[in-house]
Amino acid sequence: MSSSSAIDWIELRHAARSAMQRAYVPYSNYPVGAAALVDDGRIVTGCNVENASYGCGLCAECGLVSELARTGGGRLVAFACCDGLGEVLMPCGRCRQLLNEFKAEGMRIDTPEGILDFDQILPQSFGPEHLGR
């Protein structure tokens, strides 16, 4: 796992902003982009994709996790998300749970309050290790 100082947060934010440019948001006009550094050095990205049946829309984090699986899997080391203005955006609770499934030990996240450990934004999380108990 990389230390926070070894993570290029500027590059990660740029990747999130670039992904946000591809968002499909004809209903809300609220584009979101997400980017994460994988433990093998790759950066995976995602953007939100809306649907006329509002509940069928996909968050940027969903696209990011799909891209992670499609490109070989791995564990997320660092995560950044932005809104349509390019400002830092926190993932919703559902998306925090989704990211939790794929986080590396000590994963860091860019937040409006600064860089935090992922466990600070989803304390006492439920994960795969709890299944089958």
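Heads up: the structure comes first, above all this text.
J.: Looking at this structure, I do not really get the packing of helix α2 (residues 60-70) against helix α3 (residues 93-100). What am I missing?
T.: Pairs of packed helices are described in terms of their axes, by the angle between the two and the distance that separates them. Taken N-terminus to C-terminus, the directions of α2 and α3 make an angle of 15 degrees; their axes are 9 Å apart at the nearest point. Considering the angle they form, α2 stands roughly parallel to α3. The two elements α2 and α3 cross, and the hand of that crossing is left-handed. Between α2 and α3, the residues in contact are Glu61, Cys62, Leu64 and Val65 and Arg94, Cys95, Leu98 and Leu99, respectively. The residue inventory of the contact of α2 with α3, partitioned by class, reads six nonpolar, no polar and two charged.

J.: Got a minute to help me understand the side chain of asparagine 48 in this structure?
T.: Topologically, asparagine 48 is positioned in the loop between β2 (43-47) and α2. Overall, asparagine 48 belongs to the buried group, its relative accessible area being 9%. In this structure the side chain of asparagine 48 is engaged in a polar contact, spanning 2.9 Å, whose partner is the backbone oxygen of tyrosine 30. Other than its neighbours up to four places away in sequence, asparagine 48 contacts Ala23, Tyr24, Val25, Tyr30, Pro31, Val32, Leu58, Cys59 and Ala60.

J.: What exactly am I supposed to notice about helix α1 (residues 9-20) here?
T.: An α-helical turn contains 3.6 residues, so any two residues separated by three or four positions project in the same direction. Here α1 is twelve residues long and its end C-alpha atoms lie 16 Å apart, about the 16 Å a rise of 1.5 Å per residue gives. For α1, the complete set of buried residues consists of Trp9, Leu12, Ala15, Ala16, Ala19 and Met20. All buried residues of α1 fall inside an arc of 140 degrees around its axis, so they share one side. Pointing more than 90 degrees away from the buried face of α1 are the exposed residues Ile10 and His14. Between a side-chain oxygen at the N-terminus of α1 and the backbone nitrogen of isoleucine 10 the separation is 3.3 Å; the capping residue is aspartate 8.

J.: Help me out: how do you make sense of the nonpolar core in this one?
T.: Most often, soluble globular proteins keep nonpolar side chains buried together rather than apart. Membership of the largest hydrophobic core comes to 20 residues, with the highest contact counts inside it found for Val44, Leu64, Leu76, Phe79 and Leu99. Considering each element in turn, this core owes the most residues, four residues, to α2. For leucine 99, the residues in contact, after removing those within four places along its chain, are Glu61, Leu64, Val65, Leu76, Phe79, Pro91 and Phe118. Listed in part, the 13 residues of the second largest apolar core include Ile7, Ala16, Ala35 and Ala78.

J.: Sorry if this is basic, but what is going on with the environment of glycine 127 here?
T.: Mapped onto the fold, glycine 127 is located in the segment after α4 (118-121). Distance in space between the C-alpha atoms of glycine 127 and cysteine 62 is 17 Å, their sequence separation being 65 residues.

J.: Help me understand the environment of leucine 89, please; the structure alone is not making it clear to me.
T.: When you line up the elements, leucine 89 lands in the loop between β3 (76-82) and α3. Considered as a pair, leucine 89 and asparagine 29 are 60 residues apart in the sequence and their alpha carbons are 16 Å apart. Apart from the residues within four sequence positions on either side, leucine 89 is in contact with Tyr30, Val32, Cys81, Cys82 and Asp83.

J.: Before we go on, may I ask you to explain α2 in this structure?
T.: If you check which residues of α2 are buried, you get Ala60, Glu61, Cys62, Leu64, Val65 and Leu68. Where α2 is buried, its residues meet β1 (33-38), β2, β3 and α3.

Reading guide: rules and limits
- Residues numbered from 1 in each chain as written.
- Predicted model: local features only at pLDDT ≥ 70, side-chain atom pairs only at ≥ 80, totals over all residues.
- Heavy atoms only, no water.
- Axes fitted to C-alpha atoms, helices over the stretch in contact; angles between N-to-C directions.
- Helix = DSSP H or I, 4+ residues; strand = E, 2+ residues; numbered from the N terminus.
- Parallel < 35°, antiparallel > 145°, perpendicular 65-115°, else oblique.
- Left-handed = near helix turned anticlockwise from the far one by under 90°.
- Contact = heavy atoms within 4.5 Å.
- Nonpolar A, V, L, I, M, F, W, Y, C, P; charged D, E, K, R; others polar.
- Buried < 20%, exposed > 50% of the residue type's maximum accessible area, 1.4 Å probe, protein only.
- Polar contact = N/O pair within 3.5 Å; in protein donor to acceptor, adjacent residues only side chain to side chain.
- Expected span 1.5 Å × (residues − 1).
- Arc of directions from axis to C-beta.
- Core = buried A, V, L, I, M, F, W, Y, C linked by side-chain atoms within 4.5 Å.

These figures capture arrangement, not role.
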